[in-house]
Amino acid sequence: MNTGKYIAIISKSIFVVFTLIPVALGFGYAFLYSFGILGILNDGFTLAHWKKVLFTPTLWESLGFSFYIALISLTIAIVFALIIAIYLKQKLQKGFLSIAIYLPLVFPALVMAFFSFLLLSKSGWLSRVSIRLGFINELEQFPNWINDNYGIGIIFTSILLITPFFIILYTNLYHHEKLDNYKELSQSLGASPINTLRKVLIPILLRKSIFTIVLFFIFVMSSYEVPLLLGKQHPQMISVFTVDKLQRFNLLDIPQAYAISCLYGLLVLGTMALFLVKHSKIKLK
Amino acid sequence: MIKKGLTYLFTIGLFFPLFFLFIFSIGRNWQFPAIFPKKNTLDNWSIILKGNSELNTSLTISLLLSSLVAITITLLSFITSKYIAQSKHRSFLILLCYLPYVLAPVILGVLLQFYFIYTDLAGTFAGVFLAQLIITYPFGIIIFNNFWTPLVFELEKLTFTLGANTNQTFKEVLFPLSRKVLALCFFQVFLISWFEYGLSNLIGIGNVKTLTLRVFQYINEANIFYAALASCLLIIPPGILIWINKRFLFKAETIV
């Protein structure tokens, strides 16, 4: 066997070791633990932990809350990104803004969450500005935007984090797909600017970015640092809920944490598989 | 008019978080209802210059960890991605690379924590390094996947046909062609590692105090000025990298 073939085998083995084995080992252990086959307090196969997870509302509330946060954040972010990318496309391709747009990408999620915390909390910057401007008279009148029931702080931070990515994506797409040509064509055929926007530009941009949108939806659903800092104890987003269960002092919660991890993993992988089967025309370059 | 207003608003929005955090990083004494801290001083920043400060240690750990992860993954994924790209199942294998991101790094951390505890890697620098390799390696493969086009393979074959050996082909053909994508991979992996919190906290059990862990610690201690300072330190290196990398950022990672 020549050196090239050895390198090929080693390379494929490295790929398997780093990509497949960790996921397989992780799921294997978590499944066995959640079914009572492994673990300190477990003494044989049982469905008790899965029943407890599946038939108590906390998990479903957590999943629902994560879904709600992802849906609202992504919708608002995409709307903002489309407006900015379409209206400021020339400035975003050349000059100062074309560099400045990359600035928000240097903010880790945790730092952006901290910024939102300083800005939106009851005694935060906006509340102080509101008092100065006379919009409110005392601290209590300022709405609860951090650790609140509706996850406003989490949504706000997610929007700040996602929007720049989509602006860059849509600006690049607009350029690569030569949308100006489509715009001219549709207008020369008699479409109004609004119709061109609604029926030509936005559908093309959305269709071309559907895979990225689905990925970002899952990223936001699984986000950890932002809800950890800005979220409430109940309902929690799924990642925080899972880690919280794993790190509690009650050892009986650990099998449940593993059951939730497995369930969430399968749910996400299933959704992705379904999406890819349905949109098999999307080419993975 | 609307376009001009939108441009101004957007530009202010881009710079405001940076300005805001910087003001707090040099601030002291933010009593209600003052809009900004009453006292501004560079004393907070001067602690970075002191050798043994905890912030300095975290900065060193983060820089070392992220640089090591970025160098290792860039080299490893460059070599191995070539064979993934030549595989009959290329698309499927690339799809598998999304697993750690689709599952969320922190959930993967939950699933893998047992093995790190079992091998005594939990709570160590090596453990966090390995955990970060696991989540960044697939990303490296995704980045290089776009580089290995039929044209590159043809060029490689041509140099072999013309008598070049493996080393010469790498030095004279592949390396010059891949310089940009190598830099892109290094920068992107550096950023993932630099920004990482959940997995590092879970596998490091809080012992490997990276800068992100330090920010969280300061926030929990209600020390907003040090948290702002640590945040600024977190922003500066990626800022420099993204500025250098701006030209080819996003092109390789975005699948449309």
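The model shown is predicted, which means the values in this text are computed figures rather than measured ones.

Moving on, we get to the overall build of chain B. Scanning chain B from terminus to terminus reveals 12 helices and two strands. Listed N to C, the secondary structure of chain B is α-β-β-α-α-α-α-α-α-α-α-α-α-α in terms of helices and strands. For chain B, the spread of C-alpha atoms along the principal axes amounts to about 75 × 60 × 35 Å. Nonlocal contacts in chain B, meaning residues at least 24 apart in sequence, comprise 71% of its contacts between residues at least 6 apart. One finds the centroid of the 18 positive side-chain charges in chain B at a distance of 11 Å from the centroid of its 9 negative side-chain charges.

Here we come to the interface of chain A and chain B. Counting residues at the interface gives 84 residues for chain A, matched by 78 residues for chain B. Summing the contributions of chain A and of chain B, the shared interface buries around 7,800 Å²; its carbon and sulfur component is 82%. Remark: the boundary between chain A and chain B carries three residue pairs in polar contact (both at pLDDT 80 or more). Grouping the amino acids of the side of chain A that touches chain B by side-chain chemistry returns 60 nonpolar, 16 polar and eight charged.

Right, let's get into the packing of helix H8 (residues 152-176) of chain A against helix H10 (residues 193-208) of chain A. Residue and element names in this part refer to chain A. It is the contact of H8 with H10, at a shortest axis distance of 10 Å, that shows an interaxial angle of 115°. In terms of their interaxial angle, H8 and H10 are classed as roughly perpendicular. The hand of the H8/H10 crossing is right-handed. Contacts between H8 and H10 involve Tyr170, Leu173 and Tyr174 on the former and, on the latter, Leu201, Leu205, Leu206 and Lys208.

Moving on: the nonpolar core. Note on soluble globular proteins: their nonpolar side chains tend to be buried together. Counting residues in each nonpolar core, the largest one holds 182 residues, and the members touching the most others are Phe114(A), Phe166(A), Tyr170(A), Phe10(B) and Trp148(B). Broken down by element, the residue count for this core peaks at 13 residues, all from helix H3 (residues 57-87) of chain A. In this structure, this core is formed jointly by two domains, domain 1 (1-28 + 37-43) and domain 2 (53-248) of chain B, each of which donates at least three residues. Not counting residues up to four positions away in its chain, the partners in contact with Phe166(A) are Leu74(A), Ile78(A), Ala81(A), Thr212(A), Ile213(A) and Phe216(A).

All names here are of chain A. Mapping Val129 onto the fold places it in helix H7 (residues 125-132). In this structure Val129 comes out as buried when scored by relative accessible area, which is 18%. Expressed as a C-alpha distance, the spacing of Val129 and Ile254, which sit 125 residues apart in the sequence, is 45 Å.

All names here are of chain B. The domain architecture assigned to chain B consists of domain 1 (1-28 + 37-43) and domain 2 (53-248). Here domain 1 and domain 2 have C-alpha centroids that lie 30 Å from each other. Taken together, the contact between domain 1 and domain 2 spans eight residues of the former and seven residues of the latter. Summing both sides of the interface, domain 1 and domain 2 together bury roughly 600 Å²; the carbon and sulfur share of this comes to 84%. Seen at the junction of domain 1 and domain 2, the total is zero salt bridges. Remark: the boundary between domain 1 and domain 2 carries zero residue pairs in polar contact (both at pLDDT 80 or more). Where the side of domain 1 that touches domain 2 is concerned, the elements lending two or more residues are helix H1 (2-25) and strand E1 (27-28). Here the element with the most residues in the side of domain 1 that touches domain 2 is H1; it accounts for five residues. Looking at the side of domain 1 that touches domain 2 residue by residue, the classes come out as five nonpolar, two polar and one charged.

Cut-offs used in this document
Residues numbered from 1 in each chain as written. Chains lettered and ligands numbered in written order. Predicted model: local features only at pLDDT ≥ 70, side-chain atom pairs only at ≥ 80, totals over all residues. Heavy atoms only, no water. Helix = DSSP H or I, 4+ residues; strand = E, 2+ residues; numbered from the N terminus. Contact = heavy atoms within 4.5 Å. Lys, Arg positive; Asp, Glu negative; His and termini not counted. Charge placed at Lys NZ, Arg CZ, Asp CG, Glu CD. Buried area = accessible area lost by both parts, 1.4 Å probe. Polar contact = N/O pair within 3.5 Å; in protein donor to acceptor, adjacent residues only side chain to side chain. Nonpolar A, V, L, I, M, F, W, Y, C, P; charged D, E, K, R; others polar. Axes fitted to C-alpha atoms, helices over the stretch in contact; angles between N-to-C directions. Parallel < 35°, antiparallel > 145°, perpendicular 65-115°, else oblique. Left-handed = near helix turned anticlockwise from the far one by under 90°. Core = buried A, V, L, I, M, F, W, Y, C linked by side-chain atoms within 4.5 Å. Buried < 20%, exposed > 50% of the residue type's maximum accessible area, 1.4 Å probe, protein only. Domains from an automatic or database assignment. Salt bridge = Lys/Arg side-chain N within 4 Å of Asp/Glu carboxyl O.

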